[in-house]
Amino acid sequence: QVQLVESGGGLVQAGGSLRLSCAASGRTFTGYNTAWFRQAPGKEREFVLAISWNGGSTDYGDPAEGRFTISRDNAKNTVYLQMNSLAPEDTAVYYCAADIPPFTGWGSRLPGAWDYWGQGTQVTVSS
């Protein structure tokens, strides 16, 4: 089993920045692809950004393009989501997810293709 815990959410002003963390326990992120999704009230869970197990490849969803970056530190078993130029429409619960063999998650924008999930962290952007 892989346990994931998100942190770093909170209330920020429009135009500001926030850095989210996803820490793994039980096992590490080594050998696993990782992604961030978000879900706003009344909306479907939305793909944001993914990073391959070694950090060599990234997959940017529409919300992340030009504003967000993803990185990982396997020594700390942690993946980060740096969010800049935040806007009220970014308000959502942000989740991290892990993709294990047979790696159905990588290349997919569907939440069901990813294997493990954290509980989420709330991000609220005020105008």
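About the cut-offs
- Residues numbered from 1 in each chain as written.
- Predicted model: local features only at pLDDT ≥ 70, side-chain atom pairs only at ≥ 80, totals over all residues.
- Heavy atoms only, no water.
- Helix = DSSP H or I, 4+ residues; strand = E, 2+ residues; numbered from the N terminus.
- Contact = heavy atoms within 4.5 Å.
- Pairing = 2+ DSSP bridges.
- Axes fitted to C-alpha atoms, helices over the stretch in contact; angles between N-to-C directions.
- Phe/Tyr/Trp six-rings, centres within 6.5 Å; stacked < 30°, edge-to-face > 60°.
- Buried < 20%, exposed > 50% of the residue type's maximum accessible area, 1.4 Å probe, protein only.
- Lys NZ or Arg CZ within 6 Å of the ring centre and 35° of its normal.
- Core = buried A, V, L, I, M, F, W, Y, C linked by side-chain atoms within 4.5 Å.
- Salt bridge = Lys/Arg side-chain N within 4 Å of Asp/Glu carboxyl O.

K.L.:
Provide a residue-level description of the environment of glutamate 46, including the pertinent values.
P.N.:
Position of glutamate 46 among the secondary structure elements: in strand S5 (residues 46–51). Between the C-alpha atom of glutamate 46 and that of arginine 67, which follows or precedes it by 21 residues, the distance is 16 Å. Leaving out residues up to four positions away in the same chain, glutamate 46 has contacts with Trp36, Phe37, Arg38 and Pro63.

K.L.:
Tell me about the sheet that holds strand S1 (residues 3–7), residues and numbers included.
P.N.:
Picture the strands of a sheet paired through backbone hydrogen bonds; they go either parallel or antiparallel. Reading across from one edge, S1-S3-S8-S7 is the order of the 4 strands in this open sheet, with antiparallel pairing throughout. The open sheet has two free edges, formed respectively by S1 and strand S7 (68–73), since each of these has just one partner strand. With strand direction ignored, the average angle separating the axes of adjacent strands in the sheet is 15 degrees. Direction of pairing for strand S3 (residues 18–25) relative to strand S8 (residues 78–83): antiparallel, over a ladder of 6 bridges. What sits directly across from leucine 18, in S8, is methionine 83.

K.L.:
So what's going on with the packing of aromatic side chains? Which residues, and what values?
P.N.:
According to the stated counting rule, one finds 4 aromatic pairs in the structure shown. Relative to phenylalanine 47, the ring of phenylalanine 37 lies with its centre 5.5 Å away and its plane at 80 degrees, an arrangement referred to as edge-to-face. With a gap of 10 residues between them, phenylalanine 37 in strand S4 (residues 33–39) and phenylalanine 47 in strand S5 connect regions that are remote in the sequence. By relative accessible area, phenylalanine 37 is classed as buried at 0%. Given a relative accessible area of 6%, phenylalanine 47 falls into the buried group. The side chain of arginine 19 reaches across the aromatic face of tyrosine 80, ending 3.9 Å from its centre. Note that arginine 45 overlies the ring of tyrosine 95, its terminal NZ or CZ placed 3.8 Å from the centroid.

K.L.:
Explain the nonpolar core residue by residue, including any values.
P.N.:
If you look at the biggest cluster of nonpolar residues, it comprises 28 residues, and the most contacted ones within it are Leu4, Leu20, Trp36, Phe68, Leu81, Met83 and Tyr94. Contributing elements (two or more residues each) for this core: S3, S5, S7, S8, strand S9 (92–99) and strand S11 (121–126). Once residues lying within four places of it in the same chain are set aside, the contact partners of leucine 81 are Leu18, Arg19, Leu20, Trp36, Leu49, Phe68, Thr69 and Tyr94. Judged by nonpolar contacts, the second largest core, of 7 residues, contains Ala35, Phe37, Ala50 and Ala113.

K.L.:
Before we move on, could you go through the pairing of S11 and cite the residues and values that matter?
P.N.:
Along S11, the buried face is formed by Thr121, Val123 and Val125; none of Gln122, Thr124 and Ser126, which line the opposite face, is buried. Here strand S2 (residues 10–13) runs beside S11; their pairing, made up of 4 bridges, is parallel. What sits directly across from glutamine 13, in S11, is serine 126. Looking at chain direction, S9 and S11 are connected through 3 bridges and run antiparallel. For valine 93, the partnering residue across the bridge sits in S11 and is glutamine 122.

K.L.:
Could you give me a rundown of the pattern of salt bridges, with the residues and numbers involved?
P.N.:
Under the defined criterion, the tally for this structure stands at 4 salt bridges. For arginine 38, the salt bridge identified is with glutamate 46, shortest N-O distance 2.9 Å. Since its relative accessible area comes to 8%, arginine 38 is described here as buried. Residues joined by salt bridges that share partners form a network here, namely Arg38, Glu46, Arg67 and Asp90.

Honestly, it's all geometry; don't read function into it.
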